[in-house]
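Structure assessment
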Amino acid sequence: MEQYIARQPIFNLHKKVYAYELLYRGAKHYSLDKVSGNRATTSLLSSAFLTRDIQDISSFKPCFINFTQDLLEKKLPESFSKESVVVEILEDVEPTPQVVQACQQLHNKGYTLALDDFVYDRKFIPLLQLADIVKIDFRLTPHQTILRTLNILARYKVKLLAEKVETLEEFEAAAKLGFVYFQGYFFSKPEQIKIEELSTTQITHLRLLAEVTKKSTTIDKLHNIIANDISVSYKLLRFLNSSYFYRLQEIKSVKQAIAYLGIKELRHFVMLVIISEMTTSKPGELVRLGLVRAKFCELLGENSDRSIESSELFVVGLFSLLDAMLNAPMIEIMDRLPVSNGIKEALLTDTGPYCIYLELVKNYERNNEALFVPLFERLELDPEKVNTCYLTAIKYANGLL
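Predicted model only: the values in this text are computed from it and were never measured. (Residues numbered from 1 in each chain as written. Predicted model: local features only at pLDDT ≥ 70, side-chain atom pairs only at ≥ 80, totals over all residues. Heavy atoms only, no water.)

This paragraph deals with the nonpolar core. If you look at the biggest cluster of nonpolar residues, it comprises 128 residues, and the most contacted ones within it are F179, F319 and L337. The leading source of residues in this core is helix α11 (residues 254-278), at 13 residues. Sequence-distant contacts of F179, that is, excluding residues within four places in its chain, are made with L13, I136, F138, I146, L150, L160, L161, A162 and A174. (Core = buried A, V, L, I, M, F, W, Y, C linked by side-chain atoms within 4.5 Å. Buried < 20%, exposed > 50% of the residue type's maximum accessible area, 1.4 Å probe, protein only. Helix = DSSP H or I, 4+ residues; strand = E, 2+ residues; numbered from the N terminus. Contact = heavy atoms within 4.5 Å.)

Encoded structure:
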């Protein structure tokens, strides 16, 4: 039976991706609230490590995976490499002698152990002595409780991870308290306190982006843009020779690349490269998320039963983070780009025919099952197809970055 998984990034202090937490989505005809923790983890591990290339999902980063009490006692984590897995011990795991012994064995073998949704209790001391990382819900835990917990944790050799960090202000507050890892989507929103006029370089890039976005753009114009920029040419050739395409013969020239891609995919590629050039000062995961959204939106459009322009959906997904990338209001950016009304409606007012696709993508990446499952039904999307689209989008993004 096909299983569904997704991932959420975990950052370090420099806003670089340290790892991903893999999230179990359930299986067709099953609701997550009816799936046991054991089944969720074993299905996740099976999908990630046995039926998929784990590097396609993890981008060569460690994977945080939840383990229940039963799976810890059965020593399931030892079936997977210590370099690939961070053993995340769920908050409801009781520190029985069997659990502590299993964790001691993992610790001795060099596995990284993380305590999930941690709330201090003396009974957890044996696990704290073995743990490497402690995760604290930064939004739901009262500030004074966090301070008391951090005071206690100072006695142990653990690193602190703040979960559900959704704004830059929360990121900075957590960092001041001593947290070194951060999980959440704080990086995907504009830094409101720093919004200023677009720089000359950004305006130049926007003009180039506007040229590429025009439906009247020709192959010759795109060839000139690519051929006159060594960086763009290199990225194009690297992308086409990546594992995403599984090519038997290497593409060695820009002309070959253009002939292989065609104008639609070539326009998409040049958009991506221009945007990545515009956002060199931003976390790399922001661009990666934009690429995943773009391809995910496009593939959903191709697989839904609605008559929709999938190429426009690609632009919706890609441009959905432009305000965060440029630290500028979305309305100002849209005024400079010749995009359709449907794209503008989705990005500016959450309306129009493309809005529902972007809404599905955002809720899927945040694991909001109660919100994304009804959207499957409205769009008449097969959940198995959605999962395949998501993993394909991740692989697509990996090929470009």
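The structure having been displayed, the exposition proceeds.
The next thing to look at is the packing of aromatic side chains. Tallied over the entire structure, the rule returns 18 aromatic pairs. Ring centres of F11 and F187 lie 4.8 Å apart, and the angle between their planes is 55°; on these two criteria the pair is classed as tilted. In this pair, F11 is assigned in strand β1 (residues 3-11) and F187 in the loop between β8 (181-183) and α8 (200-213), connecting sequence segments 176 residues apart. The same class applies to F11 and to F187, which are both buried. Here the aromatic residues F11, F171, F182, Y185, F186 and F187 are joined through ring pairs into a cluster of three or more. (Phe/Tyr/Trp six-rings, centres within 6.5 Å; stacked < 30°, edge-to-face > 60°.)

On to the confidence of the model for the protein, then. Of all residues in the protein, 86% have pLDDT values of 70 or greater, and the mean over the chain is 83. The model gives residues 25-37 a pLDDT under 50, and that stretch makes 29 contacts with residues more than four places away or in other chains. When the criterion is pLDDT under 50, residues 46-51 qualifies, and its contacts beyond four places in sequence or with other chains add up to 15 contacts. (pLDDT = per-residue confidence, 0-100.)

Bringing the pattern of salt bridges into the picture now. This structure, assessed with the given rule, holds 14 salt bridges. Between K135 and D116 there is a salt bridge, with its nearest N and O atoms 4.0 Å apart. Residue K135 is located in strand β6 (residues 133-137), and its partner D116 is located in the loop between β5 (112-115) and α5 (125-128); the two are separated by 19 residues in the primary sequence. Residues E298 and K295 are paired through a salt bridge, measuring 2.9 Å at the closest nitrogen-oxygen approach. Placement of both E298 and K295 in helix α12 (residues 284-303) is noted, with a separation of three residues, approximately one turn of the helix. Taking relative accessible area as the criterion, E298 reaches 1% and is therefore assigned buried. Take K295: its relative accessible area is 5%, and that puts it in the buried class. One continuous salt-bridge network, built from bridges that share partners, spans E21, E88, D116, K135 and E163. (Salt bridge = Lys/Arg side-chain N within 4 Å of Asp/Glu carboxyl O.)

Right, let's get into the environment of F11. By relative accessible area, F11 is classed as buried at 0%. Taking the C-alpha atoms as reference points, F11 and P283, 272 residues apart in sequence, are found 9.4 Å from one another. Sequence-distant contacts of F11, that is, excluding residues within four places in its chain, are made with K16, V17, Y18, V180, Y181, F182, G184, F186, F187 and E285.

Contact pair α12 / helix α17 (residues 355-365): the axes reach a minimum separation of 10 Å and the direction vectors enclose 125°. With respect to each other, α12 and α17 are oriented oblique. Read as a crossing pair, α12 and α17 show a hand that is right-handed. Residue-level inspection shows L289, R293, F296, C297, L300 and G301 of α12 in contact with α17, the latter providing Y357, L358, L360, V361, K362, Y364 and E365. A per-class count over the contact of α12 with α17 returns nine nonpolar, one polar and three charged. (Axes fitted to C-alpha atoms, helices over the stretch in contact; angles between N-to-C directions. Parallel < 35°, antiparallel > 145°, perpendicular 65-115°, else oblique. Left-handed = near helix turned anticlockwise from the far one by under 90°. Nonpolar A, V, L, I, M, F, W, Y, C, P; charged D, E, K, R; others polar.)

We now examine empty space enclosed by the protein. Following the criterion strictly, the structure yields two cavities of 30 Å³ or more and no others. In this structure, the largest cavity spans a volume of roughly 90 Å³. If you trace the largest cavity, you find it lined by R7, Q8, P9, Y20, Y185, E285, R288, L289, V292, E365, Y390 and I394. Broken down by secondary-structure element, the contributors of at least two residues to the lining of the largest cavity are β1, α12 and α19 (383-400). The biggest single contributor to the lining of the largest cavity is α12, with four residues. Residue composition of the lining of the largest cavity, by class: seven nonpolar, one polar and four charged. (1 Å grid on protein atoms, 1.4 Å probe; cavity = no way out; pocket = protein on both sides within 12 Å on 5 of 7 lines; lining within 4 Å. Points joined across faces, edges and corners; volume = space filled by probe spheres on them.)

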